[in-house]
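As a plain string of letters, each chain reads:
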Amino acid sequence: VPPKPPQEVIEPLQIFEDIKKSQQDSKNYRGLILSSGIKVILINDPTTPKAAACMSIEVGHMSDPADIPGLAHLCEHMLFLGSEKYPNDNDFRLFLSENGGFSNAQTFADVTKYFFDVVPEALPQALDRFSQMFIAPLFSSDAITREIEAVNNEHEKNLASDSWRIRMVNKTLAQTEHSYGKFGTGNREIFTKYELDIRKGL
């Protein structure tokens, strides 16, 4: 039996109804600021067959420790792999796949974005699973080991990408003390060297 949608209702501190949009835009918008400080924009589009959500966090690879570049990217991977409420590390992706959905995330220099889509009737349950990723992620030891390999595979795939190579050249042009020059992807060599520190920190 699937869990019931969460019953707690969080009252927003501020509501914004007068969001400017193009005259050709038929979607409806509402902005909220929650008591936690989280800023939310709600978009209603009756023409789309899917419901979707995105969480944007103002931490990217420029925030990585100098000796563990790629840590934000590893954390991005880890958040999908189980929470205290949903401990199965494949629960969220399995739920989405059973309900016509998809999820992914991207770590940028100064922000990390997590997003998913799903059939509309499954949105409340998907949002509950999604929110638990940020409230109480597990960061289990077994999952860390697996995701170090997943991140390393992603790094090795990037080596053949011209756009990734150009980005790496741009980083070498940054001032040496500036955090933009950090290696944001991470790889097995880095994470294996500092795996004990990573486990303690996470």
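Source: prediction; values computed, not measured.

Further remarks concern empty space enclosed by the protein. The final tally for this structure, using the stated rule, is 1 cavity of 30 Å³ or more. In this structure, the largest cavity encloses a volume near 60 Å³. If you go around the largest cavity, the residues you meet are Leu79, Phe80, Leu81, Gly82, Ser83, Tyr86, Asn88, Asp91, Phe92, Arg129 and Met133. Elements represented by at least two residues in the lining of the largest cavity include exactly α2 (91–98) and α3 (123–135).

One open sheet holds the 3 strands; their spatial order is β1-β2-β3, and the pairing between them is antiparallel. Strands with a single pairing partner mark the edges of an open sheet, and in this sheet they are β1 (14–16) and β3 (39–44). Recorded for the sheet is a direction-independent mean angle of 20° between the axes of neighbouring strands. Taken together, the 6 bridges between strand β2 (residues 28–33) and β3 define a ladder with antiparallel strand orientation.

This next bit is on α2. Of the residues making up α2, those classed as buried are Asp91, Phe92, Phe95 and Leu96. One face of α2 carries all of its buried residues, which in axial projection span an arc of 130°. Where the residues of α2 are buried, they touch β5 (102–107), β6 (112–118) and α3. Of the residues trailing α2, Gly100 is marked for its positive phi of about 65°.

Quick look at the pairing of β2 now. Relative to β2, β1 is paired through 3 bridges, and the arrangement is antiparallel. Residue pairing for β2: Gln14 is matched across the bridge by Ile33. Linking β2 to β3, which pair antiparallel, is a turn of 5 residues; within it Gly37 sits at a positive phi near 95°.

Mapped onto the secondary structure, Leu34 falls in the loop between β2 and β3. Taking C-alpha positions, Leu34 is 7.1 Å from Gln14, a pair spaced 20 residues apart along the chain. For Leu34, the contacting residues outside a window of four places in its chain are Pro12, Leu13 and Val40.

Within this structure, the stated rule accounts for 7 salt bridges. Note that Glu17 and Arg30 form a salt bridge whose closest N and O atoms lie 2.9 Å from each other. Of the two residues, Glu17 is situated in the loop between β1 and β2 and Arg30 in strand β2; the sequence distance between them amounts to 13 residues. In this structure Glu17 comes out as partly exposed when scored by relative accessible area, which is 48%. The partner of Lys27 in a salt bridge is Asp25, with the nearest N and O atoms 3.2 Å apart. By relative accessible area, which is 16% here, Asp25 ends up buried.

Its volume calculated, the second largest pocket comes out at about 500 Å³. Considering the residues around the second largest pocket, the lining is formed by 19 residues, among which Thr107, Phe108, Glu154, Arg167 and Thr185 are closest to the centre. Elements supplying a minimum of two residues to the lining of the second largest pocket: α1 (71–79), β5, α4 (141–158) and α5 (162–172). Counted by class, the lining of the second largest pocket contains 6 nonpolar, 9 polar and 4 charged residues.

What counts, and at which threshold
Residues numbered from 1 in each chain as written. Predicted model: local features only at pLDDT ≥ 70, side-chain atom pairs only at ≥ 80, totals over all residues. Heavy atoms only, no water. 1 Å grid on protein atoms, 1.4 Å probe; cavity = no way out; pocket = protein on both sides within 12 Å on 5 of 7 lines; lining within 4 Å. Points joined across faces, edges and corners; volume = space filled by probe spheres on them. Helix = DSSP H or I, 4+ residues; strand = E, 2+ residues; numbered from the N terminus. Pairing = 2+ DSSP bridges. Axes fitted to C-alpha atoms, helices over the stretch in contact; angles between N-to-C directions. Buried < 20%, exposed > 50% of the residue type's maximum accessible area, 1.4 Å probe, protein only. Arc of directions from axis to C-beta. Contact = heavy atoms within 4.5 Å. Salt bridge = Lys/Arg side-chain N within 4 Å of Asp/Glu carboxyl O. Nonpolar A, V, L, I, M, F, W, Y, C, P; charged D, E, K, R; others polar.

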